[in-house]
Amino acid sequence: MKTTLHSGTVTVPELGERQAGMTFGTEDEDGSWSGPITWKLWVGPDNLPRRFHAIMRFTPKRGSGKAETMTMNIIYRGWGEPVKITAPPKHLITDEW
């Protein structure tokens, strides 16, 4: 299937991480990381995403710490298909953050 590729790079003044994934902010805050996000998005002829790929470079704001890199690759498929979601076992669920 033919796709259209969109891509770009954005420098984010605030990068962070938490249990549910990555966080970013558009303003410089009290966090300790910032850096560029280079991304690519492939979109099908129906304007639905097919793949998203991003490389995030975490650069320390203070000091001379080592920069870290995270790569994300997400494949989207099965648009319009029924979805079955099964809850995880109770022992894997928590409300403590």
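Our structure's up above, just so we're on the same page.
Fair warning: this is a prediction, and the values are worked out from it, not measured in the lab. (Residues numbered from 1 in each chain as written. Predicted model: local features only at pLDDT ≥ 70, side-chain atom pairs only at ≥ 80, totals over all residues. Heavy atoms only, no water.)

1. Side note on the pairing of strand β3 (residues 33-43)
Strand direction decides the pairing type here: β3 and strand β4 (residues 49-60), joined by nine bridges, are antiparallel. Bridge pairing in β4 places W39 opposite A54. Hairpin geometry of β3 and β4 is characterised by an intervening segment of five residues between the two adjacent antiparallel strands and by a positive phi of about 65° at N47. (Pairing = 2+ DSSP bridges. Helix = DSSP H or I, 4+ residues; strand = E, 2+ residues; numbered from the N terminus.)

2. A short note on the nonpolar core
In terms of nonpolar packing, the biggest core is built from five residues, these being V12, I37, A54, M56 and F58. Examining the composition of this core, we find that three residues originate from one element, β4, more than from any other. (Core = buried A, V, L, I, M, F, W, Y, C linked by side-chain atoms within 4.5 Å. Buried < 20%, exposed > 50% of the residue type's maximum accessible area, 1.4 Å probe, protein only.)

3. What about the side chain of H53?
Within the secondary structure layout, H53 lies in strand β4. For H53, a relative accessible area of 19% gives the class buried. Not counting residues up to four positions away in its chain, the partners in contact with H53 are T38, W39, K40, W42, T71, M72 and N73. (Contact = heavy atoms within 4.5 Å.)

4. Focus: the side chain of R50
Position of R50 relative to the elements: it lies in strand β4. Here R50 falls in the buried class, since its relative accessible area comes to 16%. There is a polar contact of 2.9 Å between the side chain of R50 and the side chain of D46. For R50, the residues in contact, after removing those within four places along its chain, are M1, T3, W42, V43, G44, I74, I75, Y76 and W79. (Polar contact = N/O pair within 3.5 Å; in protein donor to acceptor, adjacent residues only side chain to side chain.)

Shape descriptors only; they carry no functional weight alone.
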